[in-house]
Amino acid sequence: MKWHDLRSFEDGAVVETDLCIVGSGFAGLSIAKEFAETGIEVWIIESSGRAEDAEAQTLNEIESVGAPRVMQQDLMRYRIFGGTSHIWSGQCAPFDEIDFAFRPWVPYSGWMFSRQELDPYLERAGENLGLGPHCYTEALWKRLGTDRPTPTVDPRYLESAFWQASKSHHNAKLPARLGRNFLSDAPNLNILLHANVTHLDTNATGKKLEAIEVTTLEGKRAWVKAKATVLCCGGIENARLLLASNRILPNGVGNSHDTVGRFLMDHPGCAIGHFDPRRSAKVQDRFGQYWLDDERGRHVYKHGLKLSPHVQAEEGLLNCAASLDEYPAADDPWTVMRHLRTRLQNRHAPEDVVARAMFWRDSGEEIKEKSLYQDGLAVVSQSHRIVHGLYRRFVKHRPPILKSRKIHLYCLVEQSPDPNSRVTLAVQKDRLGMPLSRIDWRIGAQEKQTVRRMGQLVKQELRRLRLPELILEDWLIDGADYPFTDRAHPMGTTRMASNPREGVVDLQCRVHGMEGLYIAGSSVFPTAGHANPTLMVTAMAIRLADWLKVSEFRATQPQHISTGSDGGNDRMNVLNR
């Protein structure tokens, strides 16, 4: 792998290559990994360098005119080699089968292939993210070596939901950090740093990508010409770049039907209720973490609840899931012991990048640092909690139940695809002359009704199961404004569709009507599900890499290539190409 810095190039330089990947986050580096040692020359274009760059981060500035969004973009998007893999929280789950289906009660729903066709890529994506077995159903209980909790929830209304924690191959306490771990000796891989893509140059007819224009913050400019180019810049930036590339096509690249930037979805999130922490042990036990150990180490799963497909169809609801969000008390002995170990070893606690990524959490009261004596007393006086925690760790093979100061039930809801929820270009420009992204994020009545019903059903089921009472938030009862927070999961702005009137890319993620230009990442998702998108982003990127090998570079047919299931022309089997 060769490293290059655009700042050291001559102004006006031209790089010619086989494959150009714009962006070095999960999508970009997953594609690059698939091409390592293939003999196909690859250039990965990264806006910043290998360390934090405050000036580069200013290019993420947005203008928000719709539902409130987190404006501190440093918490959500990261310009650095490895992208947002440096700051994500690591929670992974695949989309459900119902998310891929056409649902009459969800306009513009339905993917062009089934969940089963994506399973092989989800398996491979799990390897990149340091995940354990690709199992997120009730079958997981057997793999965990534990009995399914009883009594069970009513499957007419709710089902178990599972998430798995990503872990770095170099530090199991952190999620996969691709920028730090993506080290390859493959001579065909090149990294171009400090290169901001400022325009997609097409031919005179606007039907073929000729080159991408890249610019440094200091104004030096160059061009990269490739047989195939993949945009992997995220749900906001992919749309912005297409729209701003308007020198030949006035409406932007891929936008002949005004679809670029539309259908912006995220995961509106909020705490829908809370539990009395003095009486919550049973619910913490049932919906806490579970461990699975195999030859690759320990894998951590979280258990929660989601709406059943039955109730979604019966009541016209969107997909939705909820899980516990726990805040350890200042005198929780297990938390205190971790702090003590750090202090006694005379080390400064490293920045908790996972906590930094969980920007939506309510920090509440500020916990003041206590003396060594106070910390020691907190541990000694709660020996019963430590004994119980050791029993859980070594006998039940589960982490201790923490003493918490508050416990929320946090909910993520799918958004219905809405063409009026969108990214456009603002009048204000950044220092490179690129218009800022103008975000009009819209949350509809269906999302609110789904969250309200989710709260009612969870409360009802926990009461039936004789578990601790869920205390619903006041706003959920009196119908006040919903305190939704976006979760830095922008999706759908270059969605996949069979025709350009309803989307931007085709089945194989190629921009409609544009030769040589592909898009990877959550922006191609037709619907959003409830699950955090990183596992899906990685799987879809690997799927695209397989397609590029056989379609653009005529490589050997990979073992798995999903080609759709309805036999239409836009789902032509690669064997017939």
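## Section: the pairing of strand E10 (residues 221-231)
Then, number 1: Note: strand E2 (residues 13-22) against E10, 9 bridges, orientation parallel. Among the inter-strand pairings, Val 15 is bridged to a residue of E10, identified as Val 224.
Then, number 2: As paired strands, strand E9 (residues 209-215) and E10 are joined by 4 bridges and run antiparallel to one another. Counterpart to Glu 213 in the pairing with E10 is Trp 223.
Then, number 3: With 3 bridges connecting them, E10 and strand E19 (residues 517-519) associate as parallel partners. Following the sheet pairing, Leu 231 is matched in E19 by Ile 519.

## Here we look at the pattern of salt bridges
Then, number 1: Under the definition given, this model contains 34 salt bridges.
Then, number 2: The shortest N-O distance in the salt bridge between Arg 422 and Asp 258 comes to 3.2 Å. Taken together, the residues Arg 422 in strand E16 (residues 422-429) and Asp 258 in the loop between helix H7 (237-244) and strand E11 (269-275) connect sequence positions 164 residues apart.
Then, number 3: The partly exposed category is assigned to Asp 258, whose relative accessible area is 34%.
Then, number 4: Because the salt bridges share partners, they merge into one network encompassing Arg 77, Arg 79, Glu 237, Arg 240 and Asp 430.

## Here's the deal with the confidence of the model for the protein
Any segment with low pLDDT has predicted coordinates that should not be analysed in fine detail.
Then, number 1: For the protein, the mean per-residue pLDDT works out to 90, and 90% of the residues sit at or above 70.
Then, number 2: Contacts from residues 557-577, a stretch scored under 50 in pLDDT, to residues over four places away or in other chains number 45 contacts.

## A closer look at the side chain of Ser 404
Then, number 1: Turning to its location among the elements, Ser 404 is positioned in strand E15 (residues 404-413).
Then, number 2: Classification of Ser 404 by relative accessible area gives buried; the value is 10%.
Then, number 3: Those residues within four positions of Ser 404 in sequence are excluded, and the remaining contacts are Pro 277, Gln 284, Glu 326, Tyr 327, Pro 328 and Ala 329.

## Brief notes about the side chain of Ser 24
Then, number 1: Position of Ser 24 among the secondary structure elements: in the loop between E2 and helix H1 (26-35).
Then, number 2: Here Glu 46 takes part through its side chain, which lies 2.6 Å from a polar atom of the side chain of Ser 24.
Then, number 3: A polar atom in the side chain of Ser 24 sits 3.0 Å from the backbone nitrogen of Gly 82.
Then, number 4: Ignoring any residue separated from it by four or fewer positions in sequence, one finds Ser 24 in contact with Leu 29, Ile 44, Ile 45, Glu 46, Ile 80, Phe 81, Gly 82 and Gly 83.

## A few points about the packing of aromatic side chains
Then, number 1: Within this structure, the stated rule accounts for 14 aromatic pairs.
Then, number 2: Taking 5.8 Å as the distance between ring centres and 80° as the angle between the ring planes, the aromatic pair formed by Trp 111 and Phe 113 counts as edge-to-face. Accessibility assignment for this pair places Trp 111 and Phe 113 in one class, buried.
Then, number 3: Within the aromatic cluster, the residues linked to one another by ring pairs are Phe 95, Phe 100, Trp 111, Phe 113 and Phe 525.

## What about helix H16 (residues 534-551)?
Then, number 1: With 18 residues, H16 ought to run about 26 Å at 1.5 Å a step, and its terminal C-alpha atoms sit 25 Å apart, in line with that.
Then, number 2: In terms of burial, H16 is a largely internal element, 18 of the 18 residues being buried.

## Brief notes about the layout of surface pockets
Then, number 1: Considering only enclosed or pocket space, the second largest pocket measures out at about 510 Å³ in volume.
Then, number 2: Lining the second largest pocket we find 30 residues, and of these Asp 96, Tyr 136, Thr 137, Glu 159 and Lys 306 sit closest to its centre.
Then, number 3: Looking at the lining of the second largest pocket, the elements with two or more residues in it are helix H3 (97-100), helix H4 (115-128), strand E6 (158-165), strand E13 (297-307) and helix H9 (309-315).
Then, number 4: Here the residues of the lining of the second largest pocket sort into 14 nonpolar, 8 polar and 8 charged.

## Let's talk about the sheet that holds strand E17 (residues 435-440)
Then, number 1: Strand order across the open sheet formed by 3 strands is E4-E17-E16, with mixed pairing between neighbours. The open sheet is flanked by strand E4 (62-64) and E16, the only strands paired with a single partner. Across the sheet, the mean angle from the axis of one strand to that of its neighbour is 35°, orientation sign disregarded.
Then, number 2: Two elements, E4 and E17, share 3 bridges in a ladder whose sense is parallel. Paired with Ile 62 across the two strands is Ser 437, which belongs to E17.
Then, number 3: In the packing of H7 onto the sheet, contacts are made with E16 and E17, and the angle to E16 comes to roughly 65°.

Conventions used here
- Residues numbered from 1 in each chain as written.
- Predicted model: local features only at pLDDT ≥ 70, side-chain atom pairs only at ≥ 80, totals over all residues.
- Heavy atoms only, no water.
- Pairing = 2+ DSSP bridges.
- Helix = DSSP H or I, 4+ residues; strand = E, 2+ residues; numbered from the N terminus.
- Salt bridge = Lys/Arg side-chain N within 4 Å of Asp/Glu carboxyl O.
- Buried < 20%, exposed > 50% of the residue type's maximum accessible area, 1.4 Å probe, protein only.
- pLDDT = per-residue confidence, 0-100.
- Contact = heavy atoms within 4.5 Å.
- Polar contact = N/O pair within 3.5 Å; in protein donor to acceptor, adjacent residues only side chain to side chain.
- Phe/Tyr/Trp six-rings, centres within 6.5 Å; stacked < 30°, edge-to-face > 60°.
- Expected span 1.5 Å × (residues − 1).
- 1 Å grid on protein atoms, 1.4 Å probe; cavity = no way out; pocket = protein on both sides within 12 Å on 5 of 7 lines; lining within 4 Å.
- Points joined across faces, edges and corners; volume = space filled by probe spheres on them.
- Nonpolar A, V, L, I, M, F, W, Y, C, P; charged D, E, K, R; others polar.
- Axes fitted to C-alpha atoms, helices over the stretch in contact; angles between N-to-C directions.

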